[in-house]
Amino acid sequence: MENGALTKKQVLLYHCVEMEELARKIASESDCIHLHSINWRSFEDGFPNLFINNAHNIRGQHVAFLASFSSPAVIFEQLSVIFALPRLFVASFTLVLPFFPTGSFERMEEEGDVATAFTMARILSNIPISRGGPTSVVIYDIHALQERFYFGDHVLPLFETGIPLLKQRLQQLPQSEKIVIAFPDDGAWKRFYKQLGHYPAVICTKVREGDKRIVRLKEGNPAGCHVVIVDDLVQSGGTLIECQKVLAAHGAAKVSAYVTHGVFPKRSWERFIHKDDGSEKAFTYFWITDSCPLTVKAIVDKAPFEVISLAGSIADALQT
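Read on for an overview of the structure. Everything numeric here is computed off the predicted structure, so don't read it as measured data. (Residues numbered from 1 in each chain as written. Predicted model: local features only at pLDDT ≥ 70, side-chain atom pairs only at ≥ 80, totals over all residues. Heavy atoms only, no water.)

### Quick word on the overall build of the protein chain
Put simply, the rule is: Strands are runs of DSSP state E lasting at least two residues, helices are runs of H or I lasting at least four, and both sets are numbered from the N terminus onward. With C-alpha atoms as the basis for the radius of gyration, the globule rule is written as 2.2 Å multiplied by the number of residues raised to the power 0.38. The Shrake-Rupley method, run with a 1.4 Å probe sphere, supplies the accessible areas, and residue values consider only the shown protein chains as cover. Neither His nor the chain termini are counted; the positive set is Lys and Arg, and the negative set is Asp and Glu. Where a charge lies is defined by one atom per residue type: Lys uses NZ, Arg uses CZ, Asp uses CG and Glu uses CD.
Tallying secondary structure elements over the protein chain gives nine helices and 15 strands in all. A compact globule built from 320 residues should have a C-alpha radius of gyration of about 20 Å, and the protein chain, at 21 Å, falls within 12% of that. Each principal axis of the C-alpha distribution contributes one length, and for the protein chain these read about 60 × 50 × 40 Å. In the form shown here, the protein chain has an accessible surface area of approximately 16,300 Å², with 52% of it arising from carbon and sulfur atoms. Charge separation in the protein chain, taken as the distance between the mean sites of 32 positive and 35 negative side-chain charges, equals 1 Å.

Right under this line is the structure:
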């Protein structure tokens, strides 16, 4: 019995076009993960013309699909594959969607607002059941904690986090540096403080002054420390920049940032790039994971950015 418990399952991993590099990294983490391909083509009218290679040979196998919903344009073709794979008599099906987009659109502030996070969760909740039972959906650092309750009973959401990878990276920094974790708002603190509890914390808060939202220091002391701002995602980066200014004004020796999802629409990562003109470098490091592959391609070899790969973590999750 014990030997049976130790045998790892062999997983066939399909992926969308954007995720090819991460899929290769995941496969290189484990002998039990084997890459398979899909022909992604389009008909003349622009609608997808898709073919799952080796469809006959995947019967009875554990199958996974690595998705990237980076824009509405690519979601339909991937959903078409995601809804087809579990029906091919597979032993189990796992969807790995590292970044759950729409996650920050979960609030209805007035009648008529559409909570698209709920729509996305409902779509994914209708993935067909495979022979092995409900589909597992692996998501990293979903934006709002209540979103885990948006999923129906026909899927099993598995909520993972990139924070252990950040902790490993922080341990590689010089011992002399006194690390303090800064949370840009109460939401980030609620989400992450338990996982980062052994570091001293600084909490920022946004206050309204007229039409402006101003970042203030709410509690903690960053003086003389290497302060790492931690959040789940970045869009324009405005809050991080304001937060950095406040921390520097309160005496932080260095400021770095970590976000699991570097969304950065409209190349907003450019405002963080170190310039060679001798100007002040606001962020020493800016760590992101490879959950948003288009950003990873754009920021390669550009300081202060450094990519911490989810590959090992995903390989482990595929054994769940």
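The structure having been displayed, the exposition proceeds.
### Description of the sheet that holds strand β6 (residues 92–96)
We count it as follows: For two strands to be treated as a pair, DSSP must find at least two bridges joining them. Axes here refer to lines fitted to C-alpha atoms; in helices the fit is confined to the stretch in contact. Angles between the N-to-C directions go from 0 to 180 degrees.
Spatial ordering of the open sheet is given by β2-β1-β5-β6-β7-β8, a layout of six strands whose pairing is parallel. Looking at which strands have only one partner, the edges of the open sheet turn out to be β2 (33–35) and β8 (155–160). Each neighbouring strand pair of the sheet contributes to a mean axis angle of 25 degrees, computed without reference to strand direction. The sheet contact formed by strand β1 (residues 11–15) and β2 spans three bridges and is parallel. In the strand pairing of β2, L13 is matched with L35.

### A word on helix α4 (residues 116–125)
Put simply, the test is: Think of it in three bands: residues with accessible area under 20% of the maximum for their type are buried, residues over 50% are exposed, and the middle band is partly exposed, with areas taken using a 1.4 Å probe on protein chains only. The arc refers to the directions leading from the helix axis to the C-beta atoms. Whether two residues are in contact is decided by their heavy atoms: any pair within 4.5 Å suffices.
Buried residues of α4: A117, M120, A121, L124 and S125, and no others. The buried side chains of α4 occupy one side of the element, clustering within an arc of 135 degrees when seen end-on. If you follow the buried residues of α4, they end up packed against α3 (72–84), β6 and β8.

### Description of the pattern of salt bridges
Using the following cut-off: Note on definitions: salt bridges are taken to be side-chain nitrogens of Lys or Arg within 4 Å of carboxyl oxygens of Asp or Glu.
All chains considered together, the criterion is met by 11 salt bridges. Ionic pairing is found between K25 and E21, a salt bridge with its closest N-O pair at 4.0 Å. Taken together, the positions of K25 and E21, both in helix α2 (residues 20–29) and four residues apart, correspond to about one turn of that helix. Residues D231 and R191 are paired through a salt bridge, measuring 3.7 Å at the closest nitrogen-oxygen approach. Of the two residues, D231 sits in strand β12 (residues 226–234) while R191 sits in helix α6 (residues 186–192), which places them 40 residues apart along the sequence.

### Description of the side chain of H261
Where we set the bar: Any pair of N or O atoms that falls within 3.5 Å is considered a polar contact. Within protein, one atom must be able to donate a hydrogen and the other to accept it, and sequence-neighbouring residues count only if both atoms are side-chain atoms.
By secondary structure assignment, the location of H261 is in strand β13 (residues 254–262). Polar side-chain contacts of H261 include one of 3.5 Å to the backbone oxygen of D141.

### Quick word on the packing of aromatic side chains
Two descriptors summarise a pair of aromatic rings, namely the distance from one centre to the other and the angle between the planes of the rings. To be explicit about the condition: For Phe, Tyr and Trp, rings pair up if their centres lie within 6.5 Å, where Trp contributes its six-membered ring, and each pair is then called stacked (planes under 30 degrees apart), edge-to-face (over 60) or tilted (otherwise).
Tallying each qualifying case throughout the model produces 15 aromatic pairs. Centre to centre, the rings of F264 and F305 are 5.7 Å apart; their planes meet at 85 degrees, and the pair counts as edge-to-face. Taken together, the residues span a long stretch of sequence, with F264 in the loop between β13 and β14 (286–289) and F305 in strand β15 (residues 305–308) at a distance of 41 residues. For the pair F264 and F305, a shared accessibility class is recorded, and that class is buried. Put simply, the rings of F264, F272, F283, F286 and F305 pair up and form one aromatic cluster.

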